[in-house]
Amino acid sequence: MEFRHLRCFTVLAEELHFGRAAQRLAMTQPPLSLNIQQLEASVGARLFERNSRGVALTAAGLAFLPRAQALLEQAALAAREARDVGQGLAGQLQIGFAGTVLYRGLPQVLRDFAAAHPKLRLALRELSSSEQLVELVHDRLDLGFVHTTRVPAGFSQILVSSQPFMACLPSSHPLAGEAVLSLQKLKGEAFAIVMRAVSPDYHDRILAACADAGFEPSLAFELRHWLSVVSVIAQGLGVGLVPAALQQAGLPGVAFVPLAQPLAPYDTHCLWRTGRDQSALGAFLAAVREVAAR
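Residues numbered from 1 in each chain as written. Predicted model: local features only at pLDDT ≥ 70, side-chain atom pairs only at ≥ 80, totals over all residues. Heavy atoms only, no water.

Peer 1: If you had to explain the sheet that holds strand E3 (residues 91-97) to someone new, which residues and values would you point to?
Peer 2: The mixed open sheet is built from five strands, whose spatial order is E4-E3-E5-E12-E6. Lying at the two open borders of the sheet, with one neighbouring strand each, are strand E4 (120-126) and strand E6 (155-163). The mean angle between the axes of side-by-side strands here comes to 20°, regardless of whether they run parallel or antiparallel. Relative to strand E12 (residues 266-273), strand E5 (residues 143-146) runs antiparallel, the two being bridged by four bridges. Pairing of valine 146 across the sheet is with histidine 269, part of E12. Relative to the sheet, helix H9 (residues 279-292) contacts E3, E4, E5, E6 and E12, its axis offset from that of E6 by approximately 30°. (Pairing = 2+ DSSP bridges. Helix = DSSP H or I, 4+ residues; strand = E, 2+ residues; numbered from the N terminus. Axes fitted to C-alpha atoms, helices over the stretch in contact; angles between N-to-C directions. Contact = heavy atoms within 4.5 Å.)

Peer 1: Outline the sheet that holds strand E10 (residues 240-243), supporting the account with residue identities and numerical values.
Peer 2: Strands sit in the order E10-E7-E11 across an open sheet of three strands; the sheet is antiparallel. With one partner strand each, in any of the chains shown, E10 and strand E11 (254-258) form the two edges of the open sheet. Going from strand to strand, the sheet's axes swing by 40° on average, the running direction of each strand aside. In this structure, strand E7 (residues 165-170) lies alongside E10, joined through four bridges in antiparallel fashion.

Peer 1: Which residues make up the nonpolar core, and what values go with them?
Peer 2: With 36 residues, the main nonpolar core has Phe165, Leu183, Leu186, Trp226, Leu241, Val242 and Phe256 as its most contacted residues. Looking at this core, the elements that each hand over two or more residues are E7, strand E8 (190-194), helix H7 (200-212), helix H8 (226-234), E10 and E11. Excluding anything up to four places from it in sequence, phenylalanine 165 contacts Tyr202, Ile206, Trp226, Leu241, Val242, Pro243, Leu259, Leu263, Ala264, Pro265 and Tyr266. Ranked by size, the runner-up nonpolar core spans 22 residues in total, among them Phe97, Val160, Cys270 and Ala280. (Core = buried A, V, L, I, M, F, W, Y, C linked by side-chain atoms within 4.5 Å. Buried < 20%, exposed > 50% of the residue type's maximum accessible area, 1.4 Å probe, protein only.)

Peer 1: With reference to specific residues and values, describe the layout of surface pockets.
Peer 2: Here the largest pocket defines a volume of roughly 290 Å³. Lining of the largest pocket is provided by 20 residues; of these, Gly99, Thr100, Glu126, His225 and Trp226 occupy positions nearest its centre. Looking at the lining of the largest pocket, the elements with two or more residues in it are helix H6 (129-137) and H8. Its residues placed into classes, the lining of the largest pocket shows ten nonpolar, seven polar and three charged. (1 Å grid on protein atoms, 1.4 Å probe; cavity = no way out; pocket = protein on both sides within 12 Å on 5 of 7 lines; lining within 4 Å. Points joined across faces, edges and corners; volume = space filled by probe spheres on them. Nonpolar A, V, L, I, M, F, W, Y, C, P; charged D, E, K, R; others polar.)

Peer 1: Explain the pairing of strand E9 (residues 218-223) residue by residue, including any values.
Peer 2: Bridge analysis of E8 against E9 gives five bridges, and the strand direction is parallel. Its bridge partner being in E9, valine 194 is matched across the sheet by leucine 223. Handedness of the β-α-β unit built from E8, H7 and E9 comes out right-handed. (Right-handed = clockwise from strand over helix to strand, strands pointing away.)

Peer 1: Describe H9, naming the residues involved and giving the relevant values.
Peer 2: Taking 1.5 Å of rise per residue, the 14 residues of H9 would be expected to cover 20 Å, and the 20 Å separating its terminal C-alpha atoms lies within 8% of that figure. Restricting attention to buried positions, one finds in H9 the residues Ala280, Leu281, Ala283, Phe284, Leu285, Ala287, Val288 and Val291. The secondary structure elements touched by the buried residues of H9 are E3, helix H5 (106-116), E4, E5, E6 and E12. (Expected span 1.5 Å × (residues − 1).)

Peer 1: Describe the packing of aromatic side chains, naming the residues involved and giving the relevant values.
Peer 2: Each aromatic ring pair is summarised here by two numbers: the centre-to-centre distance and the angle between the ring planes. Tallying each qualifying case throughout the model produces ten aromatic pairs. Arranged with centres 4.5 Å apart and planes meeting at 55°, the rings of tyrosine 202 and tyrosine 266 form a pair that is tilted. Of the two residues, tyrosine 202 sits in helix H7 while tyrosine 266 sits in strand E12, which places them 64 residues apart along the sequence. Using a relative accessible area of 1% as the deciding quantity, one classes tyrosine 202 as buried. Overall, the relative accessible area of 0% leaves tyrosine 266 in the buried class. One aromatic cluster in this structure is built from Phe165, Tyr202, Trp226 and Tyr266. (Phe/Tyr/Trp six-rings, centres within 6.5 Å; stacked < 30°, edge-to-face > 60°.)

Peer 1: Go over the side chain of asparagine 35 with me, naming the residues and quoting the values.
Peer 2: You can see asparagine 35 is positioned in helix H3 (residues 29-43). Taking the relative accessible area as the measure of exposure, asparagine 35 reaches 7% and is therefore buried. A distance of 2.5 Å separates a polar atom in the side chain of asparagine 35 from a polar atom in the side chain of arginine 4. Setting aside residues up to four positions removed in sequence, asparagine 35 forms contacts with Arg4, His5, Cys8 and Met27. (Polar contact = N/O pair within 3.5 Å; in protein donor to acceptor, adjacent residues only side chain to side chain.)

Peer 1: Break down the pairing of E3 for me, citing the residues and quoting the values.
Peer 2: Strand direction decides the pairing type here: E3 and E4, joined by seven bridges, are parallel. Opposite glycine 96, over in E4, you have arginine 125 as the bridge partner. One crossover worth recording links E3 to the parallel E4 by way of H5, and it is right-handed.

Now the structure itself:
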């Protein structure tokens, strides 16, 4: 039994006339009759009664018709889904992201992409940059939004955003009202910072900036998330240097002050394996590039 047999059967069942059915199927009557005979032989029952008055479905044909129609509909649906996946219109992407991307870059990409590709499902996982690199290397993520310059071989990247570091202080701190702040003025303060295991690049960059300013910071809190750093500072338990986008978190009790001697910026990169054959990935990367170009 082949799909062409089912197609011939359903059309003839609808028309109950060999001439009209053959015309719909763009064939002549002899091959239509042959297809019906082959189907009946495969099924093991007569599906049509043929007489001088025309064509009628047998009891077996009436029973077979809804199942044949369902099989053809399922085949058409499977073909549409495969075509949509192949064209990047459907499927699923596994995406990693570090928390601060929620304040700059990622929401804009998700909104644009969802509007253009409603059938594509995005599975998002919040992971540190280091964790994302491990998942990407083992192909457990299709792409990631990371904050690191340590890109493994065989991966491509897009710079999504670049933002300055700012001093983050309790709003009651004597320096909270400064227009700009020299890093030397934070000497002797208790610092809150992201753990080196989570973000080695920026952990080391902050320590190096303090060293350039002539002091070694007292690390009172080493935390997994930048938002946790800001939360600790909001409680008056320390100070820190954080990406400017965290101002958008809207946490009360903190002040953000530009630095007189800026650090190298806090960059967000979209990272994926070069040459990965996935149409959905290409469609998502197009949305990333569009946001990055704004």
